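# Structural characterization, general
Chain by chain, the residues:
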Amino acid sequence: MPALPPLILLLWAIEVIVQLTVLSLVVAKRHIHTLPLFFLYIALNLCQAAFLFFVYSQYGFTSPTARQLSWPSEQVILTAQALAAAEVLYRVLRHYAGIWALAWRLIAAAAFIVICYALVSAKLSPHWTLLIANRGFHLTFAVALISCLLLVRFYAIPIDPLYKALMGGFCVLSCTIVVDNTLFQALFLRHFPNSGVIWNSLEMVVFISVQMVWALALRHPVRVDDQPELLPPDTYDRLSPDVNSRLRDLNDVLSRFLRLQVLRP
Amino acid sequence: MTAALFIFSLIVVALLLLLAWALRAPGKSIRRKFDLASLEESGRRHATYFALIRQAASPADMEFLARRGSPQIVRRVRRERRNVALLYLTQLREDFQRLLRLARAVAALSPAVGSRQELERLWLSLEFSWRYQMIRAGFRYGLLPVPQLNSLSHMVSQLAVQMETCLKELGERAATAVQMASTLDGSGVDIA
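Keep in mind that this is a model prediction, so the values were computed, not measured.

Take the overall build of chain B next. For chain B, the count of helices and strands is nine helices and zero strands. The order of helices and strands in chain B, counted from the N terminus, is α-α-α-α-α-α-α-α-α. Expressed as a percentage of its 192 residues, the buried residues of chain B come to 29%. Pairs at least 24 residues apart make up 88% of the contacts formed inside chain B by residues separated by at least 6 positions.

Here it is, written out as structure tokens:
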């Protein structure tokens, strides 16, 4: 049985312990009722860890067989991650139907742009297709989630600290993977020794840190958030054009102000 | 490949900064967005001060001072006029911000939101912000003279009257939204 690097083994053990802690907190603090997809994501991560441990132990850490077996499991995790993040975002915006609809359009637009980029760049480097596709996914994920968070801030919608921690963790994790994959590609092409170990270790360290933050946040229950009473559907249609018209008028004042000054001798 | 690493690192740093900004604890200004008092302030809008501003910036006064007063007084009055114009600009921006707050509160509590309206509002805010900074910098560094304002008088006076009526009406119609948001704020939930 080919030996795994000791550092990876150590990180793996810590990762499993932290994930088990997160999982137990989700159940013990009754978050499982509100965040079932997040629970599934953590559970699948644990299953993947066990599966990869078996694969690497059997076929070696850098063997082509291990690579062929490990990448499909990553697709399952990525899908679970996207669903879990969407679930958290939904929890934040579920009472705000209009903004939730707007957020979905924003996610679709951001995803379309970044996926197009990822497809083009994956075609340009056929040997690195999987890695580039993975990077593209994480970039799409981070851009879409951050866009939605900016939208949430723009409309001053309240977010519970737990949801902040979860979404922040997802973003930090994806951003790290974007840099990590690029770093791995650079090190590998320069025949840097142990580039695979560096790649895995960096990702695992950040993953463990994120899980620790999640564990701390999950200790507290979500604060009770009453459903705000929505306005009648026609209020927006009547008010919004009026407000925009006033804003245009004020903008016009500044515009004339500026033109007057520029034209003055 | 090093270039790719550099570019992706920059993108990630930018994303993380945006994330930190989006998730940071709400400041006073953010809390004000759902502050009932700020939306229900007295009907007096700053655009209504335009006549006073025009009087303060009257070129006749400056000509008189230049003929009769000392150069020091002329300089001092010019400086004061600039400060008045700057203050007026700031107040105009406050009117603009108040309208924006109102619009956001209504959008947040509406079951359906039009992307076109929202995008237009975002564009108007960016445009206003850019023009405001340009004019302000021009005044502050003496790059632009304080305008005589006469030609704006009619337009702004008209606007002031319209805004009075409009904001009163909008304020009343949005009362439900603001009341609800104010309750949320009071419950101790973070406003992101």
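Still to come is the rest of the account.
Let's shift gears to the overall build of chain A. A count of helices and strands for chain A gives eight helices and zero strands. Secondary structure elements of chain A occur, N-terminal to C-terminal, as α-α-α-α-α-α-α-α. In terms of overall size, chain A is more extended than a compact globule, its C-alpha atoms giving a radius of gyration of 23 Å where 265 residues would be expected to give roughly 18 Å. Its C-alpha atoms put chain A at 80 × 55 × 30 Å along the principal axes. Of all intrachain contacts in chain A linking residues separated by at least 6 positions in sequence, the fraction that spans at least 24 positions is 76%.

The next subject is the packing of helix H5 (residues 129–154) of chain A against helix H1 (residues 2–23) of chain B. Closest axis-to-axis distance for the H5(A)/H1(B) pair is 9 Å, and the angle between their directions is 30°. The orientation of H5(A) relative to H1(B) falls into the category roughly parallel. When the axes of H5(A) and H1(B) are compared, the crossing they make is left-handed. In contact with A:Ala142, A:Ile146, A:Leu149, A:Leu150 and A:Arg153 of H5(A), H1(B) contributes B:Leu15, B:Leu18, B:Leu19, B:Ala22 and B:Leu23.

What follows covers helix H7 (residues 115–140) of chain B. For H7(B), built from 26 residues, the straight-helix expectation of 38 Å at 1.5 Å per residue is met to within 8% by its first-to-last C-alpha distance of 37 Å. Of the residues making up H7(B), those classed as buried are B:Glu118, B:Arg121, B:Leu124, B:Phe128, B:Tyr132, B:Ile135 and B:Phe139.

This brings us to the nonpolar core. A:Val88, A:Ile99, A:Leu145, A:Ile157, A:Leu166 and A:Met167 are the most contacted members of the largest nonpolar core, which has 92 residues in total. Counting the residues that make up this core, at least three belong to each of domain 1 (6–222) and domain 2 (234–265) of chain A. With residues up to four places along the chain from it excluded, the contact list for A:Ile99 reads A:Leu93, A:Leu151, A:Tyr155, A:Ile157, B:Ala108 and B:Val113.

When pLDDT is low, close inspection of the predicted coordinates is not appropriate. Residues and elements named next belong to chain B. Summary statistics for chain B give a mean pLDDT of 69 and a share of 52% for residues scoring 70 or more. Confidence drops under pLDDT 50 across residues 148–153; counting only partners more than four residues distant or on other chains, this segment forms 12 contacts. Both scores are given for the predicted complex: the pTM is 0.74, the ipTM 0.84.

Another point: the packing of helix H2 (residues 36–59) of chain A against helix H3 (residues 64–93) of chain A. In a pair of packed helices, the angle between the axes and the distance between the axes together describe the arrangement. Residues and elements named next belong to chain A. For the pair H2 and H3, the least separation of the axes is 9 Å and the interaxial angle reads 170°. For the element pair H2 / H3, the angle class is roughly antiparallel. Looking at the contact of H2 with H3 residue by residue, the classes come out as 18 nonpolar, six polar and one charged.

Relative to the assigned elements, B:Trp123 resides in helix H7. Note: C-alpha distance between B:Trp123 and B:Val12 (111 residues apart in sequence) is 26 Å.

Counted at 1.5 Å a residue, the expected span for helix H4 (residues 97–124) of chain A with its 28 residues is 40 Å, and the 41 Å between its end C-alpha atoms agrees. Here H4(A) has its buried residues at A:Gly98, A:Ile99, A:Leu102, A:Ala103, A:Ile107 and A:Ala110. Buried-residue contacts for H4(A) involve H3 and H5 of chain A together with helix H6 (71–108) and H7 of chain B.

On to unusual backbone geometry. All names here are of chain A. Residue Arg-30 is not a glycine yet carries a positive backbone phi of 60°. A positive phi angle, near 55°, is found at Ala-156, a position not held by glycine. One can find Ala-156 in the loop between H5 and helix H6 (161–189). For Ala-156, a count of 21 C-beta atoms within 10 Å translates into the label buried.

So, about the environment of A:Gln81. Residue and element names in this part refer to chain A. Within the fold, Gln-81 resides in helix H3. Expressed as a C-alpha distance, the spacing of Gln-81 and Leu-40, which sit 41 residues apart in the sequence, is 9.2 Å. Discounting chain neighbours no more than four positions away, the residues touching Gln-81 are Tyr-41 and Phe-170.

Cut-offs used in this document
- Residues numbered from 1 in each chain as written.
- Chains lettered and ligands numbered in written order.
- Predicted model: local features only at pLDDT ≥ 70, side-chain atom pairs only at ≥ 80, totals over all residues.
- Helix = DSSP H or I, 4+ residues; strand = E, 2+ residues; numbered from the N terminus.
- Buried ≥ 20, exposed ≤ 12 C-beta atoms within 10 Å, placed from the backbone.
- Contact = placed C-beta atoms within 7 Å.
- Rg over C-alpha atoms; globule rule 2.2 N^0.38 Å.
- Axes fitted to C-alpha atoms, helices over the stretch in contact; angles between N-to-C directions.
- Parallel < 35°, antiparallel > 145°, perpendicular 65-115°, else oblique.
- Left-handed = near helix turned anticlockwise from the far one by under 90°.
- Expected span 1.5 Å × (residues − 1).
- Core = buried A, V, L, I, M, F, W, Y, C linked by C-beta atoms within 7 Å.
- Domains from an automatic or database assignment.
- pLDDT = per-residue confidence, 0-100.
- Nonpolar A, V, L, I, M, F, W, Y, C, P; charged D, E, K, R; others polar.

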